[in-house]
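Below, each chain spelled out in residue letters.
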Amino acid sequence: MDKDVFIFIGRSGCGKGTQKDLLIKKLQDIGMPFLSIYTGDSLRSFISSHSFVAQKVKSAVATGDLAPSFVASTMWSQILMDQYQENQSLIFDGSPRTLDEAQELENAIKFLGFISPVVINLNVSNSWSRDRLLARKREDDSVEAVNKRLAWYEASVSQVVSYYRSNSFYCFKEINGEQTIPKVAEDILSALPYLKQAPVANRMKSLQYVDTKDSLETSIQQNGKLETQNFIRSQNP
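Residues numbered from 1 in each chain as written. Predicted model: local features only at pLDDT ≥ 70, side-chain atom pairs only at ≥ 80, totals over all residues. Heavy atoms only, no water.

Describe the sheet that holds strand β4 (residues 118-123), listing the residues and the values that go with them.
Ordered by their spatial adjacency, 5 strands build an open sheet running β2-β3-β1-β4-β5, and the pairing between neighbours is parallel. Two strands lie at the open edges of the sheet, namely β2 (34-38) and β5 (171-176), each paired on one side alone. Here the average twist between neighbouring strands, direction ignored, is 15°. Bridge count for strand β1 (residues 5-10) against β4 is 5 bridges, and the pairing is parallel. (Pairing = 2+ DSSP bridges. Helix = DSSP H or I, 4+ residues; strand = E, 2+ residues; numbered from the N terminus. Axes fitted to C-alpha atoms, helices over the stretch in contact; angles between N-to-C directions.)

How would you sum up the pairing of β4? Please name residues and give values.
Buried residues dominate β4, accounting for 5 of its 6 residues. Taken together, the 6 bridges between β4 and β5 define a ladder with parallel strand orientation. Residue pairing for β5: I120 is matched across the bridge by K173. (Buried < 20%, exposed > 50% of the residue type's maximum accessible area, 1.4 Å probe, protein only.)

Summarise the nonpolar core; cite the residues concerned and give the values.
Core analysis: the biggest nonpolar cluster contains 26 residues, and I7, I37, L80, L90, F92 and Y164 have the highest contact counts within it. Put simply, the parts of the chain that give this core at least two residues each are β1, β2, α4 (69-83), β3 (89-93), α5 (99-111) and α7 (143-166). Top contributing element to this core by residue count: α7, with 6 residues. Aside from chain neighbours lying at most four places away, what touches L90 is D4, V5, F6, L35, I37, L80, Y84, L112 and F114. Counting residues in each nonpolar core, the second largest holds 19 residues, with I30, M32, I91 and L122 among its members. (Core = buried A, V, L, I, M, F, W, Y, C linked by side-chain atoms within 4.5 Å. Contact = heavy atoms within 4.5 Å.)

Here it is, written out as structure tokens:
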């Protein structure tokens, strides 16, 4: 199977991290090598340092502002340069968030020889996202911070979504993100039949999703033996 690029995009709280984890499980099952890049992890590591730029970015993020494009681009670019191996597929969660960043990522994708990157837009309403974020009751999910995050989605990320939707270079998939986690995962695979129909290393007799508050538990009946895997919900900013 050819290598591919999967870019998860959508409003904060739409479930990008959870669906990315489920896609990773699918790629593991069918034996597709991949590199998963979540910019948020690298950003949190960066702002824990004591450099002037790190502290300035930390102050901005703490109030719900968007990290500058050059910082986000540096995060995923460094991972690509250090860790990417030939024939790996790529999964992006949390990038890009601006048109400038999207174009930089496109340059990288083309340089690495990818064709028709898949963009998975988890479409949820502003009010749905806001309710979901506030219900998490995380320290960085204050009303002010959430409102800022949703505002910069409208001002910035929505332009990226429009760019991907209208650009024939990309394979754009619109998914209703307001459904249950299993239904969203099912719709994603239905939109990617070459993955859904790919043979797995171990034939799965049944697959059950259990949606809990902090994790998504996936129980898999394989060769008569029950195996359980827990996908911790990604703490996406």
